[in-house]
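Structural features, examined
Each chain, written out:
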Amino acid sequence: MCATGRNCLSWHGSTAQLIVTEPDLIKEILNNKSGVYIKPKPVSFMKKLLGNGLATSEGKKWAKQRKLANHAFHAENLKNMVPAMLTSVEMMLERWRQFEGKEMEVFEEFKVATSDVISRSAFGSSYFEGAKIFENLNKLAAMAVGNANKIRLPVIGKLLKTSDEIESEKVENRIRESFIHMIRTRQEKMKNGEIDGLGCDYLGFLLRENQDVDDNKRISIEDVIDECKTFFFAGYETTTSLLAWSVLLLAIHTDWQDRARKEVLEIFEGKSPTPEDNGIAKLKTMTMIINETLRLYPPIVAIYRNVSRETKIGDLFLPGNIEVLIPCLVSHSDPEVWGVDAHLFKPDRFAEGVTKAAKNTMAYLPFGLGPRACVGLNFAMIEVKLSLSMILQRYAFTLSPTYVHSPVQRMSTRPHHGVQIILHAL
Ligand code: HEM
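Residues numbered from 1 in each chain as written. Predicted model: local features only at pLDDT ≥ 70, side-chain atom pairs only at ≥ 80, totals over all residues. Heavy atoms only, no water.

What counts here: UniProt positions are given in the numbering used here, feature names are shortened, and annotations may be inferred rather than shown by experiment.
The protein chain goes by Cytochrome P450 in an unreviewed UniProt entry, where it is assigned to Kingdonia uniflora. Regarding the protein chain, the UniProt comment filed under Cofactor (unreviewed entry) reads as follows: "heme". In its Subcellular location (unreviewed entry) section, the UniProt entry covering the protein chain states "Membrane".

1. Some words on the sheet that holds strand β1 (residues 7-12)
What counts here: What makes two strands pair is DSSP finding at least two bridges between them. Helix numbering and strand numbering both begin at the N terminus, where a helix is a DSSP run of H or I of at least 4 residues and a strand a DSSP run of E of at least 2. Note on definitions: a residue-residue contact is assigned when non-hydrogen atoms from the two residues lie within 4.5 Å. Axis definition: a line fitted to C-alpha atoms, over the contacting stretch in the case of helices. Angles run 0 to 180 degrees between N-to-C directions.
A sheet is described by the order of its strands in space; here five strands give the open sequence β1-β2-β8-β5-β3, paired in mixed fashion. Every other strand in the sheet has two partners, leaving β1 and β3 (37-38) as the edge strands with one partner each. One ladder, built from six bridges, connects β1 with strand β2 (residues 15-20); its direction is antiparallel. By the bridge assignment for β2, H12 is matched with T15. Here helix α1 (residues 23-31) sits on the sheet and contacts β1, β2, β3, β5 (303-307) and β8 (323-326); the angle it forms with β8, its principal contact strand, is near 120°.

2. With respect to the sheet that holds strand β4 (residues 103-105)
Strand order in the open sheet made by the three strands is β4-β12-β9, with antiparallel pairing throughout. Every interior strand has two partners, whereas the edge strands, β4 and β9 (395-399), have only one. Each adjacent strand pair in this sheet contributes to an overall mean axis angle of 45°, direction not counted. In terms of strand pairing, β4 meets strand β12 (residues 420-425) through three bridges, oriented antiparallel.

3. Let's talk about the packing of aromatic side chains
To be explicit about the condition: Put simply, two rings from Phe, Tyr or Trp (the six-membered ring, in Trp's case) pair if the centres are within 6.5 Å, and we call them stacked under 30 degrees between planes, edge-to-face over 60, tilted for the rest. Note on exposure labels: buried denotes an accessible area under 20% of the residue type's maximum, exposed denotes more than 50%, and partly exposed covers the range between, all computed with a 1.4 Å probe on protein chains only. By definition, being over a ring means that NZ of Lys or CZ of Arg is both within 6 Å of the ring centre and within 35 degrees of the ring normal.
Counted according to the given criterion, the structure contains 16 aromatic pairs. With a centroid separation of 6.0 Å and an interplanar angle of 50°, the aromatic rings of W96 and F110 are classed as tilted. Taken together, the residues W96 in helix α4 (residues 75-96) and F110 in helix α5 (residues 106-123) connect sequence positions 14 residues apart. Judged by its relative accessible area of 1%, W96 is buried. A ring pair is formed by F134 and F232, whose centres lie 5.0 Å apart and whose planes are at 35°; its orientation type is tilted. Of this pair, F134 sits in helix α6 (residues 131-147) while F232 is found in helix α10 (residues 221-252), placing the two residues 98 residues apart along the sequence. By the burial criterion, F134 is buried, and F232 matches it. Through a chain of ring-to-ring contacts, three or more aromatic side chains come together here, namely F73, F123, F134, F179, Y202, F231, F232, F233, Y236 and F379. The ring of F205 is capped by R208, whose NZ or CZ atom sits 5.5 Å from the centre of that ring.

What follows is the structure, encoded as C-alpha cells:
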C-alpha cells in the first residue's frame, strides 16, 4: 500500500490506519456500495456504553434497527416530539432567571436540557427521572476516553482487570437495571390502562418490536436496552456541544446574534414555536449560523471505518483489517475547499446552502454521509433551532472575560472549561 497527497498512512498501535481527505475517496468509503467499509467493532468500555445498538451493529441487524429508527425519527413523528422539547427548554429558561445580569456557564445547562429533551421526547421520561442513567453513561464515556490509548497485553489483560474495568462492569449493570425499570414501568402503565398501548415514542416502538409474534421479526429485551443506551447517549452528547459552540460564536459575533434575533422575532413574534406553525423551517439565518458552527466545531471530528477485506480505492490497494480515518475537521477547514477565509466565522458562506458554500460537498460531514449518516439529524436540528429561538427572544448575551478557549475532544468536541456568558434580559 502506498499513500500520497491528500491521504496518508499512520499507525494506531499495531494497526495500520489510512487517513483519507480526498473527497472522492471519502464518498466511496462512506457510501460503502462494496460493503467493504464496516464500523469498527466496539470493544471494552465502548461496548459497555453502546452495546450492539444502531451505531455499532452491522448487516441484517443494523438494517432492521435502522428501519425502526428512521420510522421513529421521521418528520411526522418529530412533530409530536416538539411539545416535549418545548417543556425542556422552558424549564431551562426558568433556571436562567437567577442569572439575569450575571455570568453563567451554558455547557452544563445544555447538558441537562438536551438530556431532558431526549428522555421526554423519545422515552417518555425526564432528565431527573433518568439522572442516574445519564450519570452512569457519563462515567462509562469518561472511562472509554481515558482508556482509549492504553495498551493491554492479550493474556495478562484478560486475567488481571484494571480498577476501571471492574468499576465499568458495575456501572454497566446499574445502567441495565435502570432501563429494565423504565421498561417495566411502561409495560405496567399499559396493563393498568394508564396509557393507551405502549406509546408512540421510540421506547414504545422498541417495545412493540419486542412483542412481535413472528420470531424472525421480534427483537430481544437486550436489543431494546442497547438501543436505549445508544439513543440516550447519542441524543444529548453531540447536541450539547453544538448548542454550546453556537452560543459561544453568537456571544463573540454579536452582529450575527442581532441578525438571528431579528429573524426569530419576525417569525415567532415573541411566542414559543409550535409544531403547527412551521416557523422552524423558515429560519434561514439561523440555519446558516448552525451550519457554520458545525463546520468550525463539528461535535464529531473524525469518522472511522475498518476495511473488512482486501480492496482497491482510487490508486490505492488496501489490505484487509486496516483502519480508515476520515478527519472531518481537516476537510472543514481546508482553504482549497472553503477559500482563504476558511478559519473565520462567516455564516454568509451558507446563504445558498452547502453546495454553494464548499467547492466539494464531501468536505462537509458534520452528520456523516451515506447509509450510516446520523439518524438523529433532523431531531438535533429542530432541537437546536427551537432552543436558540427561545433563548434569543428572551436574552442577549456577551462573552464573559472569564471564558478560556480550550476545545477538547472527548466523545464529542467540547469546551474544556465550559462557556461563560453574561446574560442580559430583554
Ligand atoms: C448536533 C448533533 C449531532 C451530530 C453532529 C451527530 C453526528 C453524527 C455523525 C457524524 C454520525 C455518523 C458516524 C459514522 O458514520 O461513523 C452519527 C450517527 C448517528 N447518530 Fe448522530 N449526531 C447528532 C445528533 C444525534 C441525535 C440527537 C441522535 C439521536 C436522537 C443521534 C443518533 C445517531 C445514531 C444512532 C447514529 C448511528 C447511525 C447508524 O450507524 O446507522 N445523533 N451522528
